[in-house]
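Per-entry structural report
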Amino acid sequence: KKAIHNANTKYNLNNITPTKYFKRYGIAASLILLIALGYTIETHEDSSKNLYIEFVNPSELPSLTNRSDADKLLSDAEELFINKQYTGALRSLELYDKKYETKSINALLYKGMCHLELNQYSEASIIFNTIKNSDSLDKNKAYWYLAATSLKQGDNDTSKKILQLIIDNSYFNHLKAKDLLSKIN
């Protein structure tokens, strides 16, 4: 009886019916599809953030301090910013503004980037729009940082419009804008 049972088991293992093949391949295909779908969704969600990381480099901001500028608040703010201590950098920049009652474009850029890195998008946008609407020679830099703000938020449509404006007018970082726009599309 045991020999018949063993023979039957061997026969069933060696004799795989089309239904068994279908089940096995169906399960395998379903797993592959789920993994691929999960990866696609994850990649899509992170693509704006990845592009932000790739194209926006906070260390490219101009230095806040000059050889003749001995103010410790600005040098502290810049050092804190470089060390990614954005809250402390903001505090130093605000103290500098109060002390000297001035609105330096470079200081505003740093403040905007601090807010952006802290995910305080509306504050960052307000500062970058202030720069954009100023009469400074560097006001066109604000468009790049406004595009970065939209990109970091995942608002690709707004980011595309601003990037196209940068390209059309040859504003600050127009070559980077062209490359970034091609990757967003």
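Above this text you will find the structure in question.
This is a predicted model, so every value here is computed, not measured.

**As for the overall build of the chain**
- Along its length, the chain carries nine helices and zero strands.
- Along its sequence from the N terminus, the chain presents helices and strands in the succession α-α-α-α-α-α-α-α-α.
- Across the 185 residues in the chain, those meeting the buried criterion constitute 33%.
- About 12,200 Å² of surface is accessible on the chain, with carbon and sulfur atoms providing 55% of the total.

**What to know about helix H9 (residues 174–184)**
- The complete set of buried residues in H9 reads Ala177, Leu180, Leu181 and Ile184. The arc that holds every buried residue of H9, seen down its axis, measures 105 degrees, which confines them to one face. The exposed residues of H9 that point more than 90 degrees off its buried face are Leu175 and Lys178.

**Overview of the packing of aromatic side chains**
- The final tally for this structure, using the stated rule, is six aromatic pairs.
- Centroid distance Tyr143 to Tyr171: 4.9 Å. Interplanar angle 25 degrees. Geometry classified as stacked. You can see Tyr143 sitting in helix H7 (residues 141–153) and its partner Tyr171 sitting in the loop between helix H8 (156–169) and H9, a full 28 residues away along the chain. Accessibility assignment for this pair places Tyr143 and Tyr171 in one class, buried.
- Above the face of the Phe172 ring, Lys141 is positioned so that its terminal group lies 5.4 Å from the ring centre.

**Remarks on the environment of Tyr121**
- Within the secondary structure, Tyr121 is located in helix H6 (residues 121–132).
- Judged by relative accessible area, which is 21%, Tyr121 ranks as partly exposed.
- Considering only alpha carbons, one finds Tyr121 and Gln153, 32 residues apart in sequence, at a separation of 7.7 Å.
- Discounting residues that sit within four places of it in the chain, Tyr121 has contacts with Leu116, Thr149, Lys152 and Gln153.

Conventions adopted
- Residues numbered from 1 in each chain as written.
- Predicted model: local features only at pLDDT ≥ 70, side-chain atom pairs only at ≥ 80, totals over all residues.
- Heavy atoms only, no water.
- Helix = DSSP H or I, 4+ residues; strand = E, 2+ residues; numbered from the N terminus.
- Buried < 20%, exposed > 50% of the residue type's maximum accessible area, 1.4 Å probe, protein only.
- Areas by Shrake-Rupley, 256 points an atom, 1.4 Å probe, with all protein chains shown as cover.
- Arc of directions from axis to C-beta.
- Phe/Tyr/Trp six-rings, centres within 6.5 Å; stacked < 30°, edge-to-face > 60°.
- Lys NZ or Arg CZ within 6 Å of the ring centre and 35° of its normal.
- Contact = heavy atoms within 4.5 Å.

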